[in-house]
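Given next are the chains, with one letter for each unit.
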Amino acid sequence: MRAGMLEWQEPSEENVHVEVSVRDAADNRFIPGLDVSVRLLGDAGEEVAAGTLPMLWHPWLYHYGSKFTIPGDGTYSVTVEVDAPTFGRHDQENGERYTDDVIVEFAGVAVETGKG
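These numbers were taken from a predicted model, which means no experiment stands behind them.

Reading the values: rules and limits
- Residues numbered from 1 in each chain as written.
- Predicted model: local features only at pLDDT ≥ 70, side-chain atom pairs only at ≥ 80, totals over all residues.
- Heavy atoms only, no water.
- Helix = DSSP H or I, 4+ residues; strand = E, 2+ residues; numbered from the N terminus.
- Phe/Tyr/Trp six-rings, centres within 6.5 Å; stacked < 30°, edge-to-face > 60°.
- Buried < 20%, exposed > 50% of the residue type's maximum accessible area, 1.4 Å probe, protein only.
- Pairing = 2+ DSSP bridges.

Draft legend 1. Representation of unusual backbone geometry. Positive phi values are uncommon outside glycine, yet A3 reaches one of about 55°. Of note, A3 is situated in the segment before β1 (16-20). A positive phi angle is found at N28, which is not glycine, with a value near 65°. Summarising the element assignment, N28 is placed in the loop between β1 and β2 (36-41).

Have a look at this one:
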């Protein structure tokens with residue numbers, strides 16, 4: 001938003017967009033309102049990018065996402081951390097389905113920046 005209007009912004013230095021869709025395993029629905037963060041590690045295990053992923057409204061797949069700058073095309077390890085929601089579900093049976101923080105690690109993720 002700029003001056004009360006939506007305005008498209010091209011990335012400046014960022015060369016990748018990381019997206020995470022957090023879904024309920026029981027009913028496959030997207031879970032909104034979570035705190036989601038990500039870390040990208042290079043081949044030597046060094047952190048090349050990290051940050052929080054805000055929820056993004058998308059026409060066909062709500063997701064958490066953000067743009068980052070990485071050194072270039074290559075293979076990275078990606079760690080996603082999702083804090084348990086601060087809200088409960090609508091009933092006693094389902095209210096405690098998702099009460100723990102989650103950390104997921106993806107090794108060997110091939111990333112192309114489109115910029116070489």
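Draft legend 2. Layout of the packing of aromatic side chains. Using the criterion set out here, one finds two aromatic pairs in the structure. Ring centres of F30 and Y62 lie 5.9 Å apart, and the angle between their planes is 45°; on these two criteria the pair is classed as tilted. Pair noted here: F30 is in the loop between β1 and β2 and Y62 is in the loop between β4 (55-56) and β5 (63-68), with a separation of 32 residues, a long-range link. By relative accessible area, F30 is classed as buried at 15%. Among the residues examined, Y62 registers a relative accessible area of 39% and is labelled partly exposed.

Draft legend 3. Region of interest: the pairing of strand β7 (residues 102-111). Judged by how many residues are buried, β7 sits mostly at the surface: one of 10 residues are covered. Bridge count for strand β6 (residues 74-82) against β7 is eight bridges, and the pairing is antiparallel. Its bridge partner being in β7, V80 is matched across the sheet by V104.

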